[in-house]
Amino acid sequence: MSAQEALAFVLAQAPPPPDPGGQGEDFGKSSPLGLLLLVLFAIAVVFLIRSMTKHLKKLPTTFDEEKAAAAAPARVRARAQKASAQDSAAEQESAAEPESGAEQAEPVAKDSGEAKEK
């Protein structure tokens, strides 16, 4: 290949596309709007963390049911006692009645090896 052929080959090539794959001169550069959004998200995260820590500080270290029942209002305690009484009554009734549809299993006699030998 001579120098003239190489020069002709280089000049005959098509020019590259003006914007290869959406990567223009501004590709990869961030805008001031992006910085503003990033700062706003950081501020929102800080406030959410502060709020969460305040709420977590209000929680007791242990959850005792007795202390919770004592701290509950009277109407809530009365409703809970009524519900537990109904539950225990329902459990007693279901224990007293045999299940409907359940058949009594007959004892299965085991076949001893002596019967087979005879």
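Please refer to the structure placed before this passage.
The structure reproduced in this document is the subject of the present report.

**Observations concerning the overall build of the protein**
- Regarding its fold elements, the protein presents 5 helices and 0 strands.
- In the protein, the order of α-helices and β-strands from amino to carboxyl end is α-α-α-α-α.
- Counting all 118 residues of the protein, 1% fall into the buried class.
- Split by element, the accessible area of the protein, about 11,800 Å² in all, is 61% carbon and sulfur.

**What about a positive patch on the surface?**
- Among the surface-exposed residues, R50, K54, K57 and K58 lie close enough to one another that they form a single positively charged patch.
- With respect to the element layout, R50 can be found in helix 2 (residues 32-58).
- Classification of R50 as partly exposed rests on a relative accessible area of 44%.

**A look at a nonpolar patch on the surface**
- On the surface, a nonpolar cluster with roughly 1,000 Å² of combined accessible area is contributed by L33, L35, L36, L37, L38, V39, L40, F41, I43 and F47.
- Topologically, L37 is positioned in helix 2.

Cut-offs used in this document
- Within each chain, residue numbers correspond to sequence positions counted from 1 in written order.
- Where local features are concerned, this predicted model is filtered to residues with pLDDT of at least 70; where side-chain atom pairs are given and counted, the filter is 80 or more; whole-chain, interface and lining totals use all residues.
- Values shown for side chains rest on all heavy atoms present in the structure; no hydrogens or waters enter the calculation.
- Think of it this way: any DSSP run of H or I at least four residues long counts as a helix, any run of E at least two long counts as a strand, and we number them from the N terminus.
- Exposed residues in this analysis have more than 50% of their type's maximum accessible area, buried residues have under 20%, and partly exposed residues fall in between, with area computed by a 1.4 Å probe over protein chains only.
- Accessibility throughout is a Shrake-Rupley quantity obtained with a 1.4 Å probe, and a residue counts as covered only by protein chains that appear here.
- Two joining distances apply to patches: 9 Å for like charges and 5 Å for nonpolar side chains (Val, Leu, Ile, Met, Phe, Trp, Tyr), and every residue must have over 30% relative accessible area and no salt bridge.
- Salt bridge, as used here: a side-chain nitrogen of Lys or Arg that lies within 4 Å of a carboxyl oxygen of Asp or Glu.
- As used throughout, the charge tally considers Lys and Arg to be positive and Asp and Glu to be negative, leaving His and the chain termini uncounted.
- Taken as the charge location is NZ of Lys, CZ of Arg, CG of Asp or CD of Glu.

Such coordinate-based values are descriptive only and should not be taken to indicate function.
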